[in-house]
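Here's the letter readout for the chains.
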Amino acid sequence: MYEITCRLCDAKTGVSEGRGMRYGRDFADLYFNYMSDKDRIAIGMNTPSGSRNKIKSCSYSNQPLVCTSCNAISSKLAWSIEFESGWKFSPPNRCVECQTEMLRLSLPREGEINQKCWECDSEKLHVELSAVWD
């Protein structure tokens with residue numbers, strides 16, 4: 001868990017990374033324990049009929065993301081599934097505030113980051129590792 005603060009306007013947010021050691025990495029765990037109803041419908045509607053029931057690999061974890069439009073920073077479960085046919089599916093990461101694409105945000109354990117503040121647009125963001133669980 002990271003705490004991100006702006007040194008100029010005191011805006012603050014927390015983001016998490018990873019998924020914990022006690023959870024599995026298979027599709028059933030992702031589908032039943034993590035996917036939203038919207039994600040379940042999306043995967044069902046987008047999977048080609050020849051690929052169903054033939055999953056090669058599946059990965060998922062919480063990732064810190066930043067909006068390319070409004071600079072909002074948040075965590076989201078990012079996942080992808082690859083089928084034996086070679087077809088891959090991963091839903092787009094969209095900002096809750098403005099629905100624009102979000103990109104992965106690499107964070108140091110502590111220190112300054114080169115990222116605009118979502119409140120005041122300054123580039124005075126500070127990151128601090130606040131909790132570790134895996």
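Residues numbered from 1 in each chain as written. Predicted model: local features only at pLDDT ≥ 70, side-chain atom pairs only at ≥ 80, totals over all residues. Heavy atoms only, no water.

Participant: Sorry, what's going on with the overall build of the chain here?
Facilitator: Along the chain, the regular secondary structure elements total two helices and eight strands. Reading the secondary structure of the chain in the N-to-C direction produces β-β-α-α-β-β-β-β-β-β. On the principal axes, the C-alpha backbone points of the chain span a range of 55 × 30 × 25 Å. For the chain, the proportion of its 134 residues judged to be buried stands at 37%. Restricting the contact set of the chain to residue pairs at least 6 apart, pairs at least 24 apart contribute 61%. Here the chain has roughly 8400 Å² of accessible surface; of this, 46% comes from carbon and sulfur atoms. When the 17 basic and 18 acidic side-chain charges of the chain are each reduced to a single mean position, those positions are 6 Å apart. (Helix = DSSP H or I, 4+ residues; strand = E, 2+ residues; numbered from the N terminus. Buried < 20%, exposed > 50% of the residue type's maximum accessible area, 1.4 Å probe, protein only. Contact = heavy atoms within 4.5 Å. Areas by Shrake-Rupley, 256 points an atom, 1.4 Å probe, with all protein chains shown as cover. Lys, Arg positive; Asp, Glu negative; His and termini not counted. Charge placed at Lys NZ, Arg CZ, Asp CG, Glu CD.)

Participant: So what exactly am I meant to see when it comes to the layout of surface pockets here?
Facilitator: To find the voids left in a structure, one rolls a probe of water-molecule size over its atoms. Space inside the largest pocket adds up to approximately 470 Å³. Contributing to the lining of the largest pocket are 19 residues, with Ser36, Lys38, Asp39, Lys76 and Pro92 lying nearest its centre. Contributing elements (two or more residues each) for the lining of the largest pocket: α2 (37-46) and β4 (73-83). The element contributing the most residues to the lining of the largest pocket is β4, with five residues. Considering only residue class, the lining of the largest pocket consists of eleven nonpolar, four polar and four charged. (1 Å grid on protein atoms, 1.4 Å probe; cavity = no way out; pocket = protein on both sides within 12 Å on 5 of 7 lines; lining within 4 Å. Points joined across faces, edges and corners; volume = space filled by probe spheres on them. Nonpolar A, V, L, I, M, F, W, Y, C, P; charged D, E, K, R; others polar.)

Participant: What exactly am I supposed to notice about the sheet that holds strand β6 (residues 102-104) here?
Facilitator: Picture the strands of a sheet paired through backbone hydrogen bonds; they go either parallel or antiparallel. Reading across from one edge, β5-β4-β3-β6 is the order of the four strands in this open sheet, with antiparallel pairing throughout. Each edge of the sheet is formed by a strand with only one pairing partner; in this case those strands are β5 (88-89) and β6. Both strand β3 (residues 55-67) and β6 contribute to a ladder of three bridges, which runs antiparallel. In the strand pairing of β6, Cys67 is matched with Met102. (Pairing = 2+ DSSP bridges.)

Participant: Quick question: what am I supposed to make of the pattern of salt bridges here?
Facilitator: Two side chains with opposite charge may pair up if their charged atoms get near one another. Enumeration according to the criterion identifies four salt bridges in this entry. Residue Glu17 pairs with Arg104 through a salt bridge whose shortest N-O separation is 2.8 Å. Taken as a pair, Glu17 in the loop between β2 (12-15) and α1 (27-33) and Arg104 in strand β6 lie far apart in primary sequence, 87 residues in all. Accessibility expressed as a relative area gives 43% for Arg104, which makes it partly exposed. (Salt bridge = Lys/Arg side-chain N within 4 Å of Asp/Glu carboxyl O.)

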